[in-house]
Amino acid sequence: MRYGARFLFRIFGALAHGAASDIPKESRSDPGREPSDAGTWMRLPFLSRRFVIGSLIAFSILVANAFVSYRTIANLIEASRTAENTLKLVGALKDLQRNVVGSEVELRGYIIGGERERLAGAQAFVGRAADLVQTLGALSGTIPDQMPQIEQLGALIDEERERLAALSEIHSRKGVSAAIRTIKETARAATTRHIQRLTTDLMAAGDARLARRAEQSKRGSDLSVITAAVATLFNLGLLGFVVLLVRREIKDRQHAEEVVKFAATHDPLTGLPNRLLLTERVNRALATAKSEARRIAMLFIDLDRFKNINDTLGHEAGDRLLQNVANRLARCVRRSDTVARQGGDEFVVLIEAFQGPGDLARVAEKILVEVAEPMTVYGREFQITASIGVSICPVDGDDLQALLKNADIAMYRAKQQGKNTYQFYAEQMNPHSVERLELEAALRRALERNELTLHYQPKVQARTGRVTGIECLLRWQHPTIGPVPPDQIVPLAEETGLIVPIGKWALRTACLQARKWAEQGLPLLRMAVNLSARQFMSATLLDDVASTIAETGMDPRWIEFEVTESVMMPEPEQAVELLRKLKAIGVRLTIDDFGTGYSSLAYLKRLPIDSVKIDASFVRGVPVDASDVAITDTILAMSRSLGLKVVAEGVETLEQMRFLERRGCDEMQGYYFSKPLPAEQLTAYLREHEAASWESGPREASSRIRLVSGGERRIPK
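Residues numbered from 1 in each chain as written. Predicted model: local features only at pLDDT ≥ 70, side-chain atom pairs only at ≥ 80, totals over all residues. Heavy atoms only, no water.

Helix and strand content of the chain: 24 helices and 16 strands. Every one of the 717 residues in the chain was classed for burial, and the buried ones make up 47%. Within the chain, counting contacts between residues at least 6 apart in sequence, those at least 24 apart form 72% of the total. Counting only carbon and sulfur atoms, one obtains 56% of the accessible surface of the chain, whose full area is about 36,600 Å². (Helix = DSSP H or I, 4+ residues; strand = E, 2+ residues; numbered from the N terminus. Buried < 20%, exposed > 50% of the residue type's maximum accessible area, 1.4 Å probe, protein only. Contact = heavy atoms within 4.5 Å. Areas by Shrake-Rupley, 256 points an atom, 1.4 Å probe, with all protein chains shown as cover.)

Our next topic: the state of the cysteines. One way to say it: the disulfide is the covalent bond shared by the sulfur atoms of two cysteines. As enumerated under the stated definition, the model contains zero disulfides in all. Considering cysteine sulfurs only, Cys 472 is the nearest to Cys 511, which forms no disulfide, with 8.4 Å between them. (Disulfide = S-S within 2.5 Å.)

We now examine the sheet that holds strand S3 (residues 346-351). One key point about sheets: their strands pair by backbone hydrogen bonds, in either a parallel or an antiparallel sense. Read from one edge to the other, the open sheet built from five strands follows the order S2-S3-S1-S6-S7, with strand pairing classed as mixed. The strands lining the two open edges of the sheet, one partner per strand, are strand S2 (338-343) and strand S7 (422-424). This sheet shows a mean twist of 20° between the axes of neighbouring strands, independent of strand direction. The sheet contact formed by strand S1 (residues 296-303) and strand S6 (residues 386-393) spans eight bridges and is antiparallel. Residue pairing in the sheet places Phe 300 in a bridge with Gly 389 of S6. In this fold helix H7 (residues 275-292) packs onto S1, S2, S3 and S6, with an angle of close to 130° to the strand it touches most, S2. (Pairing = 2+ DSSP bridges. Axes fitted to C-alpha atoms, helices over the stretch in contact; angles between N-to-C directions.)

In contact at an axis separation of 10 Å, helix H14 (residues 499-519) and helix H16 (residues 541-552) are set at 30° when each is read in the N-to-C sense. Here H14 is positioned roughly parallel relative to H16, judged by the angle of their axes. Handedness of the H14/H16 crossing: right-handed. In contact with Val 500, Lys 504, Leu 507, Arg 508, Cys 511, Leu 512 and Arg 515 of H14, H16 contributes Asp 544, Val 545, Ser 547, Thr 548, Glu 551 and Thr 552. Residue classes in the contact of H14 with H16 are distributed as five nonpolar, three polar and five charged. (Parallel < 35°, antiparallel > 145°, perpendicular 65-115°, else oblique. Left-handed = near helix turned anticlockwise from the far one by under 90°. Nonpolar A, V, L, I, M, F, W, Y, C, P; charged D, E, K, R; others polar.)

Right, let's talk about the packing of aromatic side chains for a bit. Two numbers describe a pair of aromatic rings. These are the distance of the centres and the angle of the planes. Going through the model one piece at a time under the given rule, you end up with three aromatic pairs. Centre to centre, the rings of Tyr 456 and Trp 517 are 5.3 Å apart; their planes meet at 70°, and the pair counts as edge-to-face. Highlighted residues: Tyr 456 in strand S8 (residues 452-461) and Trp 517 in helix H14, separated in sequence by 61 residues. Taken individually, Tyr 456 and Trp 517 each receive the classification buried, so the pair is uniform in this respect. Ring centres of Tyr 672 and Phe 673 lie 5.2 Å apart, and the angle between their planes is 90°; on these two criteria the pair is classed as edge-to-face. Of the two residues, Tyr 672 and Phe 673, both sit in the buried class. (Phe/Tyr/Trp six-rings, centres within 6.5 Å; stacked < 30°, edge-to-face > 60°.)

Along an α-helix, residues three or four positions apart point the same way, because every turn accommodates 3.6 residues. Relative to the 22 Å expected for 16 residues at 1.5 Å per residue, helix H10 (residues 357-372) spans 22 Å between its end C-alpha atoms, a close match to the ideal helical length. Taken residue by residue, H10 has Leu 360, Ala 361, Val 363, Ala 364, Ile 367, Leu 368, Val 371 and Ala 372 as its buried positions. Taken down its axis, H10 places every buried residue within 160° of arc, on the same side. Relative to its buried face, H10 has exposed residues pointing more than 90 degrees away, namely Arg 362 and Val 369. On its buried side, H10 packs onto S1, helix H9 (315-332), S3, strand S4 (375-377), S6 and S7. (Expected span 1.5 Å × (residues − 1). Arc of directions from axis to C-beta.)

A few words now on the confidence of the model for the chain. Overall, the prediction assigns the chain a mean pLDDT of 79, with 83% of residues at 70 or greater. The least confident element of the chain, judged by mean pLDDT, is helix H24 (residues 698-704) at 43; the most confident is strand S16 (residues 667-669) at 96. Confidence drops under a pLDDT of 50 for residues 1-45, and excluding neighbours within four residues, the segment shows 80 contacts in the predicted structure. Counted against residues more than four places away or in other chains, residues 697-716, with its pLDDT under 50, gives 46 contacts. (pLDDT = per-residue confidence, 0-100.)

Moving on, we come to the nonpolar core. Counting residues in each nonpolar core, the largest one holds 80 residues, and the members touching the most others are Tyr 456, Trp 476, Met 527, Phe 536, Phe 561, Val 651 and Met 668. Excluding residues that lie within four positions of it along the chain, Phe 561 makes contacts with Leu 507, Val 529, Leu 531, Val 545, Leu 582, Val 587, Arg 588, Leu 589 and Thr 590. (Core = buried A, V, L, I, M, F, W, Y, C linked by side-chain atoms within 4.5 Å.)

Looking only at helix H22 (residues 654-662), the buried set comprises Gln 656, Met 657, Phe 659 and Leu 660. Each buried residue of H22 sits inside an arc of 165° when the element is viewed along its axis, so together they form one side.

This brings us to the pairing of strand S14 (residues 611-614). Of the two faces of S14, the one lined by Ser 611 and Lys 613 and the one lined by Val 612 and Ile 614 are each fully buried. Bridge analysis of strand S13 (residues 588-594) against S14 gives three bridges, and the strand direction is parallel. In the strand pairing of S14, Phe 594 is matched with Ile 614. Pairing between S14 and strand S15 (residues 645-649): four bridges, direction parallel. From the neighbouring strand, Ile 614 faces S15, where its bridge partner is Ala 648.

This is the structure we're talking about:
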């Protein structure tokens, strides 16, 4: 009885609240995963359509069943009421008949004895008969088809009552003899017999009606018993159906809550625990480790160059790659360990039980090998590597934030060591990592604070020595630490995504500077701007170029974009199409750092480019290093065969300049001619260069025009 009451309570609770009272465990939609440690979650505030429709159908059937029962009971009551009225009718008819007979007896006694009391008794009997006729009229609903007979019966009795009243009057005025003569004169034996006959007919009809009602009541009682039995069985079945429906609703509600709970504690893309569940498991592991004097470790994993894959191949390919990596990470650890996705291409592994750092090193090496295995995404084979940072509790921190921060610092040190490796956290790493975070935050504000500037390095035509173009190079003057090396700015901007707005700013600044030089009377020069990988694959590149040209009024023929070979290699077809669209705008295109990539001659001839730029690493060895000489000659010959101009960068000596000039190089740039200069210094340089060009002949210009600060080393772009 106790369990039955509890079950009924749960049923009504489900009907009222639309949810079960049990706290669900880990979602069954992900079998093999260990139970979740998440707390109680809010129940879903809705009922399923199946439950609502089933409940409505059950309620409708219950109402119909109740209506049938009501009609059966109502029919029984109606039959009982009709039988009762019929009995009253028959009784009234019998009384009426007795009163009529009594009236005749008293009237005859009056005739014989002449006693006035006998005449009054006959008159009283007729009066009571008249009252009974009114009673019969009140029961007209029981005998609607016999009302004419009752009305006729009432009329005859009224006539008889009037006759007796008249006889009583005559008796009082003229005596008994006159009254008796009047009786004989007005005697109507047919009236009394007619009344008797009508009464007998009405009684016979009532008896017949009563017999029919009795038969109907018997049949109705049998039907009621059958109906009650069927209704009881049907109601029991309906109750069983409702119970099953409620149990199914409870089960579905539990499953729905488990799904919601799983979605709240797991990453939707990879199915791994998310930050919420990782936090709970780490806190639990920390509490256990402190109480049992054990150690736990955290591995922070970041995929190398994932942003390039995501930007060049699209987010769908990137998502599929992340799913593959998640599956591989899960295979590298034990079931007692936790693999979670921190966000983006970052993963975290929580290891709760290990003997020493050697165990962690073996896990990290296993992960590196597993991740580096080639994988196929959408029919194409890729290979990606990872960098791992390791922190240990309590040595490197005793809470989640400290362990994550230090593992992240160690991971960045692994990237600095060349990627595809792992590093344990060491306390001396922290200052460098904090410095890097501060530098990243400062770069985000550099554009707003006008801390970024462009330096300009001239390109000199080898044949005439005239300046024909300017390469625009990014510089950053940090307000506290001073100039930031260029080889730190671009990678940091690439990684943070700031390279796109910075690149748009650089193009606009270069165009405005070129217009300013032209307004100062200097010749209009080609302004060369470098395009990074992220810029090149940006969806807004074409719109940014077009809007900048429209805003500054710069002729696109005087804009040059320098793109490296490596930028175009991941998606050659897409790169060619984008270059053609840029070319359609009217700008010039140059392949930068040529010779350091993997472009073939067949691929190079498909590119809609205007020139190639020999990398400084090859120029540095000429004319002494035979290999550099051979490579440079090959690039020059290949470019001439394709009708492309050749620009040599990194020219720092007179011998290099003369070698390139003899080999037919079109343009040169480097410290031999000028280092990158701010706009004001380059303005003076251009004026001096123009004056020197007019004073000397074309052949002398290339050897005379030179501006190098004594002893300065060349710095990267």
